[in-house]
Amino acid sequence: MKEPTYVITYDVGTTGVKTCLFEIGEVVRLTAAAMRGYELYVLPDGGAEQEPAEWWEAMCASTREVLDASGMDPARISGVSFCSQMQGVVLVDKDGEPVRRAMSYMDQRAREELKKGLAHGPQIAGANVFKLLKSLQITGAVAASVKDPVWKYKWVQAHEPENFKRVHKWLDVKEFLICKMTGEFVMTQDSAFAALIYDIRKGKEGWSREMCDMLGVNMNHLAPIKQSTDKVGEITEKAASELGLKAGTAVFGGGGDASLIGVGAGALAQYVLRQNLLGCLLCSLLALLFIDGARVLVWLIGGKAALPALLSLAGREIAWSMVYVFPVYALFLWVFRRVPKKTVL
């Protein structure tokens, strides 16, 4: 029988990291898991920041806990990878050290930068029509939100010029951790796309010089783009001593949480659709009962309606909603029966 493969995965969230050791053989089995938290610093001006050193400390502590709990020899770990929060801005120097705290995807300070960069002249939905069309053509999207990474980058340029002068690379959250592990500066393709300066056109895939020129991004700050499945480096001696892992262990790019939702949904779809219709209907009914029950309670407390009328209304809503479960389920079943049964993990 073939020996199983062991891997460690890091789910780097907004308030903590979940570290898991998986055994991959005939089936994928969770062997051990641990979680460590860290701070989210919310500022009165709309800022939302995190300390990258806290991410790293949480990763190191949770990795050692997983190894201790499982009794796993670090030499047996074949590789590590990531699922991570996205659209953060981690600006680092030539040594891979942050020049300032990381700006979270929730940071909303760059209102003026958005206005100067996009929200001027003839507009559609708050965006300059010419820049909007150009952006849609090149990236398939548009950086029209104050929370989009490019405006955080521009905010640091405008408000912290001394920090900005020290910037060597603009990374996202997991890319900083990859750099900390391997010493390599990279950006996975999904993180690059989420920066909204990535050219999606066939034959032109990569950082877009047109977009960078239009939005004022220094292309020297952009790291080489890698696929999520690429081996992007190996754990250094220094990182290995802090994590408790073996130097030379392979590190793979991984993906952002929003990207990997689709992978997870695809992996579960056939399993879910093979379950019986009664289970599907029961779950739908329970969800509807909970929603309508909560609404009835709120309305009663607020004195907005009498109980009999509310119960009657809720009952009719549930009955009508259940009618739609059958055709929706049938449609999804028809689609997924045509999906190839072989799934590559």
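Computed from a prediction, not measured in an experiment: that's the story for all the values here. (Residues numbered from 1 in each chain as written. Predicted model: local features only at pLDDT ≥ 70, side-chain atom pairs only at ≥ 80, totals over all residues. Heavy atoms only, no water.)

Describing the overall build of the chain
Then comes step 1: For the chain, the count of helices and strands is 12 helices and 18 strands.
Then comes step 2: Every one of the 345 residues in the chain was classed for burial, and the buried ones make up 43%.
Then comes step 3: By sequence separation, contacts in the chain at least 24 residues apart represent 65% of the contacts at least 6 residues apart.
Then comes step 4: Accessible surface, the chain as shown: approximately 18300 Å² in total, 61% of it carbon and sulfur. (Helix = DSSP H or I, 4+ residues; strand = E, 2+ residues; numbered from the N terminus. Buried < 20%, exposed > 50% of the residue type's maximum accessible area, 1.4 Å probe, protein only. Contact = heavy atoms within 4.5 Å. Areas by Shrake-Rupley, 256 points an atom, 1.4 Å probe, with all protein chains shown as cover.)

Description of helix α4 (residues 149-159)
Then comes step 1: In terms of burial, α4 is largely enclosed, as eight of its 11 residues are buried.
Then comes step 2: For α4, every residue scored as buried is listed here: P149, V150, W151, K152, Y153, K154, W155 and V156.

Topic: the packing of aromatic side chains
Then comes step 1: This structure, assessed with the given rule, holds four aromatic pairs.
Then comes step 2: Centroid distance Y153 to W170: 4.8 Å. Interplanar angle 20°. Geometry classified as stacked. Residue Y153 is found in helix α4, and its partner W170 is found in strand β11 (residues 169-171); the two are separated by 17 residues along the sequence.
Then comes step 3: Residue classification places W170 among the buried positions, given a relative accessible area of 1%. (Phe/Tyr/Trp six-rings, centres within 6.5 Å; stacked < 30°, edge-to-face > 60°.)

Remarks on the sheet that holds strand β8 (residues 102-103)
Then comes step 1: An order of β4-β5-β8 is seen for the three strands of this open sheet, with the pairing classed as antiparallel. Of all strands in the sheet, those with a lone pairing partner are β4 (41-42) and β8, marking the two edges.
Then comes step 2: With two bridges joining them, β4 and strand β5 (residues 48-50) adopt antiparallel strand pairing. Residue pairing in the sheet places V42 in a bridge with A48 of β5. (Pairing = 2+ DSSP bridges.)

Notes on the pairing of strand β2 (residues 16-24)
Then comes step 1: Judged from the eight bridges that link them, strand β1 (residues 5-12) and β2 form a sheet pairing that is antiparallel. Paired with Y10 across the two strands is T19, which belongs to β2.
Then comes step 2: Between β1 and β2, which follow one another and run antiparallel, lie three residues.
Then comes step 3: Here nine bridges tie β2 to strand β3 (residues 28-37), and the two strands are oriented antiparallel to one another. Counted as the bridge partner of T19 is A34 from β3.
Then comes step 4: Connecting β2 to the antiparallel partner β3 that follows it, the hairpin turn spans three residues.

Describing the side chain of K131
Then comes step 1: Along the polypeptide, K131 turns up in helix α3 (residues 129-139).
Then comes step 2: It is D213 that comes nearest to the buried, bridge-free K131 among opposite-charge side chains, at 12 Å.
Then comes step 3: Those residues within four positions of K131 in sequence are excluded, and the remaining contacts are G117, L118, H120 and M214. (Lys, Arg positive; Asp, Glu negative; His and termini not counted. Salt bridge = Lys/Arg side-chain N within 4 Å of Asp/Glu carboxyl O.)

Looking at the packing of helix α1 (residues 52-70) against helix α6 (residues 173-182)
Then comes step 1: Relative to each other, α1 and α6 sit at 65°, their axes nearing to 11 Å. Pair α1 / α6 crosses with right-handed handedness. Contact residues: P52, W55, W56 and M59 in α1; V173, F176, L177, K180 and M181 in α6. (Axes fitted to C-alpha atoms, helices over the stretch in contact; angles between N-to-C directions. Left-handed = near helix turned anticlockwise from the far one by under 90°.)

Let's talk about the pattern of salt bridges
Then comes step 1: Taken as a whole, this structure holds 17 salt bridges when the rule is applied.
Then comes step 2: A salt bridge links D11 to K18, with the nearest nitrogen and oxygen atoms 3.9 Å apart.
Then comes step 3: Using a relative accessible area of 29% as the deciding quantity, one classes D11 as partly exposed.
Then comes step 4: For K18, a relative accessible area of 30% corresponds to the partly exposed category.
Then comes step 5: Residue R29 pairs with E23 through a salt bridge whose shortest N-O separation is 3.1 Å.
Then comes step 6: Members of the salt-bridge network, linked through shared partners, are E49, E51, R100, R101, D107, R109 and E160.

A few points about the side chain of S62
Then comes step 1: With respect to the helices, strands and loops of the structure, S62 is situated in helix α1.
Then comes step 2: Looking at S62, the relative accessible area reads 0%, which means it is buried.
Then comes step 3: A distance of 2.6 Å separates the side chain of S62 from the side chain of T19, its partner in a polar contact.
Then comes step 4: At 2.8 Å, the side chain of S62 and the backbone oxygen of A58 are in polar contact.
Then comes step 5: The residues touching S62, leaving out its near neighbours within four places in the chain, are V17, T19, A34 and R36. (Polar contact = N/O pair within 3.5 Å; in protein donor to acceptor, adjacent residues only side chain to side chain.)

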